[in-house]
Structure formats: C-alpha cells, structure tokens
Amino acid sequence: MPPPGRRLFLALALALALLFLLVPGLDALRTLGDGSGADVPDAAVELNASNFDSVLKESPLKFAVVEFFASWCPACRNYKPQYEKVAKLFNGPNAVHPGIILMARVDCAMKTNADLCGKFSVGHYPMLFWGPPHKFAFGRWDPKEDKDEIQLVDEWRTADHLLSYINKRIGSSFGLDDEKYENEDTLPRNASDPEEIARAIYDVEEATAQAFEIIFQNKMIKSNTQVPLIKFLQLLVVHHPSKRCRRGSAEMLVNFDDLWPSDPISLSSQETTILQQVDASKYYHICGKEVPHGYWIFCRGSKKGTRGFSCGLWVLFHSLSVRVGDGESNLAFIAICEFIQNFFICDECRNHFHEISSSVSVPFNKTRDLAMWLWRTHNKVNQRLMKEEKTLGTGDPRFPKITWPPKQLCPSCYISYSRESNGTENIEWDEDEVFQFLVRYYGRTIASSKEATLSSSDDAASTYDIASSTNAMTVPVGAALAIAVASCAFGALACFWRTQQKNRKYLHQLHSLKKI
C-alpha cells in the first residue's frame, strides 16, 4: 500500500482528472492563450470543430464576428491585440456592452478544424465574418454565392476599423474607450418587435438561475421554507417557458431530500456536517450549467442597478400566469406569493407585494383571473416606483416606469385615455384586449432557447417551445383539467420519490451528485 502522502497525491490527481471528464464544454469556455503564461483570459471565445455549431446555435446574442486564423501566422499574432480590444467591449463578465455581439475565433492550424475552415472558404489569414450566430451554425460561406446572412468583413485591420464596421452594421456609435452603461442609447430597442420579445427568454433563464443562486448562497432553505419552494418548483416543472429550466426544476425536485432532508434528526452527525458544508449551487444548475451568463439582453438597463433581475422575474411571473390551466390558477397564485414572501430579499418589495396579495379574498378559478390580477399588481408597483424614482432620481432614463402596456404597443387595449395636470393617468381599459395581449406577449412569443431560432423568417414561430397551456384562450376545458390532473400526479410522484430517497444514506448520494 502506498504511503499516506502518495495516496493523497493520487487522490488529488484523480479528482482533477474527473473534473475535466465530468464538465462538458470546457473547451468553449477556455480562453485563447498568447504563450506568455499570463492568467489574464482572452475576451474572444475559442471555437473548434466540436463546439462551433452548438455554441453558435444556442447563443442568445443577435450578432457574431468569427475570426478564422492560424496560430503559426505572424500577421494573425500581431492582429490578436486589435481583435481583443473590440472583443472586450462585448464579451466576458466585464464587457462594456454585453448581450449584443459574440466575438469568436477558430484556429485553422489545428487539423481537427480543417473541414470547418473549408466550409467557410478560408483562403488567407486572418479572415473575419459577420452574421447572426445561428446562421453560422451548420452554415457555410462561398465567395461565388451572394448570401446576406453571413458576410465577409472588409474593414478589420485595426480595432478602430473593426468597431467602425460593427457600428455601421447595427447603427450604433460604440467607442473603444466606452465605460459601462455609456453609449447605451445608440442601439434602438423596440419592445413590440417579436424578435426582441422572444429574446426575453434568456433573461427569464438568467433571473431564474440568479434567484436560486441567492437562495443557495444565503442558505434560505429551512424547515419552514421547504414546502413553499417545493410548490414553486412544481409550478416551474410544468409551466416554465424554458425547456431546460423545466428539466432542471424537475431534477432538483426529485432530489430535494438529498440536500434538504425533511427529517434531519435521522441523519448521523457525519452526514449532518457534510450537509452543512455542501453548496447546492455547485451541483444543481436549474437552467443549465451555462446559465447565468452574467448579463441581460431584453432586460438590460441603460444605468447601473436598473432593470435586470427584477425585470426578468416579472417576465417569468407573467409568463407563468398565462401558461397555467384554469384549474391551476389559484395554486399558481399561492406558489408565486409564497415564493416572493419567503425568498425575495428586498424587504420593502416583499412587504408591498404581500400587502397587495393579502387583499385577494376570492380564489382564482380561471387563467384569466390570475393573469389580469398580476397585470394590475405590476401596474400598482410601477405607479409607486414612478413617484419614488422621480423624487430620488434613481430611475432608468431610457426605461422609466410606465403604465403597461403602453398605447403604442397595444392601442386596442385602450378605450379612453387622459392625463391630468399633475401627471395622473385616467385610463379605461378593454380588459378582453389586455388579456389577449398578455397571452400573446408573455405566452406565444417567448420561446425556449433550446428550440427557438431567433430570426425574422416567417416560420420562426413554428420552432418556439410553448407549453401546451400557453394559449389560455383556446385551451378546451377537458385539456385544462388534464393539465391540472397531470400536475397533481407529478406532485404525488415527486412526494413518492422524496419518501423513497429519505431511506438512502446521504454519503452515497453525495458521491452520485458529482455525475450531474
């Protein structure tokens, strides 16, 4: 038997080997090195033949620049600092303008990338291409063919030239010296653009992932909060607009007692110690390992500290409200209210929401009832924040709080409108039209990032991953009851799983968590 020191060394080596084997996609996250041994990561994402299609297909960004280069090419090495200057504006956690452009590179000197470089007719180095990310995936470029989707970049020799090209393409005026939240007004954003609305799915995923990170990091799952969290997870399993969040919620629900047993007294002292030390966020990624991204797209504010997380949560709640069936509406209402009450850290926000929800005296029997109540509640919150932000000057100048939806977004929602001299709005709503708008905006249009292809093509809507109860107005009564029964059955199944798993030894299960 090897001595203890040798055994420790072998164990560490094995652990490192397992880490690289168990974490797929590390190559996509690994940054390009410059040979200097420095720890500063590159902003440009390194792609290769094995991850090129998947990374670009699943990218939430609207645009991409892909550089094809050769690591042996002196001109490419000299150009890299120029490309990096631009990439740092758009890529990485410290990006000045995140959520807009993916800057990537492919090393054609690698034999494994030969076919990939051939598909894009790379005849000299470097060559840069521009286009929507999903068009690069499984795509190609031929100089003999006239294609609008992927274009050869003809202005690239310096960082200034490349950024000038980008500004021309998207109508912006970004500069290399921009600071965060500077120049945000250069990009027009149209809230009525279906493509822009569909991109909100990535912010819903971001908000979901961040909400659970907050719960894990603050150790908020206790004996008195387990049931509210289970109720909310059951709601997400069936009705979250993102398929990968539904999958992650189901996995977390089924394994709930492994990390938060309802009967901790039965655990041994050794198991209890391990439970207290385990960080669940390392094992459970509710919307996938690549989420959160660290930036916002549809919900990005023009000023630090605005929109973002709160915007993403509101979109999630509205989406849930129009996706549940009639028989589930009151259960969904309770799940959302209890989740906010137990897991929302902002005291004032939580208390204000609790005050509004406590005034509900009649159970919600219809999807419409829940969706319209949440719409009215959101507008009440906005009206309160309008006054506070105007007084304190803390609002987002680009996205001030407004009554939703605005008339330009849903003119049919308004029967009459007037504004008094003190700014008070007098609105008579057509609530049938408002509900139809909510179903369209938060239901049909928001697509799952796994299945959606964000394009303006006529058949784009056919790729959307919409839950069966999304179109609340056209779901038959029988279908709604079936959905409700299925949800209850899933809850019963989850409880059965939880009961079965309580008989397992936690140490054994902790080992299996590494395989997730």
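What you see is a predicted model; the values in this text were computed from it and never measured. (Residues numbered from 1 in each chain as written. Predicted model: local features only at pLDDT ≥ 70, side-chain atom pairs only at ≥ 80, totals over all residues. Heavy atoms only, no water.)

J.: I tried to follow the overall build of the chain on my own but got confused; where do I start?
T.: Each helix and strand counted, the chain has 20 helices and seven strands in total. Counting across all 516 residues of the chain, residues that qualify as buried make up 48%. Sequence separation of 24 or more characterises 70% of the internal contacts of the chain that already satisfy a separation of 6 or more. (Helix = DSSP H or I, 4+ residues; strand = E, 2+ residues; numbered from the N terminus. Buried < 20%, exposed > 50% of the residue type's maximum accessible area, 1.4 Å probe, protein only. Contact = heavy atoms within 4.5 Å.)

J.: Can you walk me through the sheet that holds strand β3 (residues 101-107) in this structure?
T.: Read from one edge to the other, the open sheet built from five strands follows the order β1-β3-β2-β4-β5, with strand pairing classed as mixed. Looking at the sheet topology across the chains shown, the edges are occupied by β1 (45-47) and β5 (151-152). Sheet analysis places strand β2 (residues 63-69) next to β3, joined by seven bridges and oriented parallel. In the strand pairing of β3, Val66 is matched with Ala104. Here helix α4 (residues 74-90) sits on the sheet in contact with β2, β3 and β4 (127-131), set at roughly 155° to β3. Contacts from helix α7 (residues 159-170) reach β2, β3, β4 and β5, with the element oriented near 20° to β4. (Pairing = 2+ DSSP bridges. Axes fitted to C-alpha atoms, helices over the stretch in contact; angles between N-to-C directions.)

J.: Please clarify how the packing of helix α14 (residues 309-323) against helix α18 (residues 431-444) should be interpreted in this entry.
T.: One way to put it is that α14 packs onto α18 with a least axis distance of 8 Å and a crossing angle of 115°. Taken together, the axes of α14 and α18 are roughly perpendicular relative to one another. Considering the relative orientation of α14 and α18, their crossing is left-handed. Across the interface between the two elements, Val315, His318, Ser319, Val322 and Arg323 from α14 touch Leu438, Val439, Tyr442 and Gly443 from α18. Across the contact of α14 with α18, the residue classes tally to five nonpolar, three polar and one charged. (Parallel < 35°, antiparallel > 145°, perpendicular 65-115°, else oblique. Left-handed = near helix turned anticlockwise from the far one by under 90°. Nonpolar A, V, L, I, M, F, W, Y, C, P; charged D, E, K, R; others polar.)

J.: Can you walk me through the environment of Arg368 in this structure?
T.: Following the sequence through the fold, Arg368 ends up in helix α17 (residues 367-392). Setting aside chain neighbours within four positions, we find Arg368 in contact with Glu431, Asp432 and Phe435.

J.: Before we go on, may I ask you to explain the packing of helix α10 (residues 226-239) against α14 in this structure?
T.: For any two helices packed against each other, the geometry is given by the interaxial angle and the distance between the axes. Where α10 contacts α14, the two axes come as close as 10 Å, and the packing angle between them is 70°. One finds that α10 runs roughly perpendicular with respect to α14. Note that α10 runs across α14; the crossing there is left-handed. Counted together, Phe232, Leu235, Leu236 and His239 of α10 and Leu316, Phe317, Leu320 and Arg323 of α14 form the full contact between these two elements. When the residues that make up the contact of α10 with α14 are grouped by side-chain class, the tally is six nonpolar, one polar and one charged.

J.: Teacher, can you tell me more about the packing of aromatic side chains here?
T.: Working definition: an aromatic ring pair is given by the centre-to-centre distance plus the angle between the planes. Tallied over the full model, the rule gives 29 aromatic pairs. Both rings, one in Phe309 and one in Phe344, keep their centres 6.5 Å apart while their planes meet at 15°; by these two values the pair is stacked. Placement of the pair is Phe309 in helix α14 and Phe344 in the loop between α15 (329-343) and α16 (347-358), with a sequence separation of 35 residues. When sorted by exposure, Phe309 lands in the same class as Phe344, which is buried. Relative to Tyr441, the ring of Trp404 lies with its centre 5.5 Å away and its plane at 75°, an arrangement referred to as edge-to-face. Separated by 37 residues along the polypeptide, Trp404 in the loop between α17 and β6 (414-419) and Tyr441 in helix α18 bring together distant segments of the chain. One exposure class covers both Trp404 and Tyr441, and it is buried. One cation-aromatic arrangement involves Arg105 over Phe69; the distance from NZ or CZ to the ring centre is 3.9 Å. One residue, Arg307, lies across the ring of Phe399, its end atom 4.2 Å from the ring centre. (Phe/Tyr/Trp six-rings, centres within 6.5 Å; stacked < 30°, edge-to-face > 60°. Lys NZ or Arg CZ within 6 Å of the ring centre and 35° of its normal.)

J.: Honestly, the pattern of salt bridges in this entry has me stumped. Any pointers?
T.: If the charged atoms of two oppositely charged side chains come close together, the side chains can form a pair. In this structure the tally under the stated criterion is 13 salt bridges. The partner of Lys401 in a salt bridge is Glu389, and the shortest N-O contact between them spans 3.3 Å. Of this pair, Lys401 sits in the loop between α17 and β6 while Glu389 is found in helix α17, placing the two residues twelve residues apart along the sequence. Under the relative-accessibility criterion, Lys401 is labelled partly exposed at 28%. Residue Glu425 is joined to Arg419 by a salt bridge in which the shortest nitrogen-to-oxygen separation is 3.2 Å. The exposure class of Arg419 is exposed, given its relative accessible area of 52%. A network of salt bridges, in which partner residues are shared, links Glu348, Arg384 and Glu388. (Salt bridge = Lys/Arg side-chain N within 4 Å of Asp/Glu carboxyl O.)

J.: For this particular structure, what's the right way to read α4?
T.: Owing to its 3.6 residues per turn, the α-helix brings residues three or four apart onto one side. The terminal C-alpha atoms of α4, which comprises 17 residues, lie 25 Å apart, in line with the 24 Å expected from a rise of 1.5 Å per residue. Its axis deflected by about 35° at Lys80, α4 carries its strongest bend there, up to four residues before the proline Pro81. Within two residues after α4, Gly92 carries a phi angle of roughly 90°, on the positive side. (Expected span 1.5 Å × (residues − 1). Bend = angle between axes of the 7 residues up to and from the residue.)

J.: Would you mind showing me how to read α7 here?
T.: The end-to-end C-alpha distance of α7 is 17 Å, a good match for the 16 Å that twelve residues give at a rise of 1.5 Å each. For α7, every residue scored as buried is listed here: Ala159, Leu162, Leu163, Tyr165, Ile166, Asn167 and Ile170. The inward-facing, buried residues of α7 abut β2, α4, β3, β4 and β5.

J.: Looking at this structure, how should I read the pairing of strand β7 (residues 425-429)?
T.: For a regular strand, the rule is simple: side chains alternate between the two faces of the sheet. Examined bridge by bridge, β6 and β7 share five bridges and lie antiparallel to one another. Looking across to β7, one finds that Ser416 is bridged to Glu428. Where β6 folds back on β7, the antiparallel hairpin that results is connected by five residues, among which Gly423 adopts a positive phi of roughly 95°.

J.: What am I meant to see in the confidence of the model for the chain here?
T.: Close inspection of predicted coordinates is inappropriate in any region flagged by low pLDDT. For the chain, per-residue confidence averages 76 on the pLDDT scale, and 71% of positions sit at 70 or higher. For the stretch residues 8-38, pLDDT sits under 50, and the model shows 23 contacts to residues farther than four places along the chain or on other chains. (pLDDT = per-residue confidence, 0-100.)

J.: Just to check I follow, could you spell out the nonpolar core for this structure?
T.: It is characteristic of soluble globular proteins that their nonpolar side chains tend to be buried jointly. Among the nonpolar cores identified, the biggest contains 100 residues, and Phe52, Phe68, Phe120, Phe212, Phe232 and Phe317 are the most heavily contacted of them. With ten residues, the single largest contributor to this core is helix α9 (residues 200-217). Residues Ile100, Trp156, Ala159 and Tyr165 belong to the second largest nonpolar core, which totals 24 residues. (Core = buried A, V, L, I, M, F, W, Y, C linked by side-chain atoms within 4.5 Å.)

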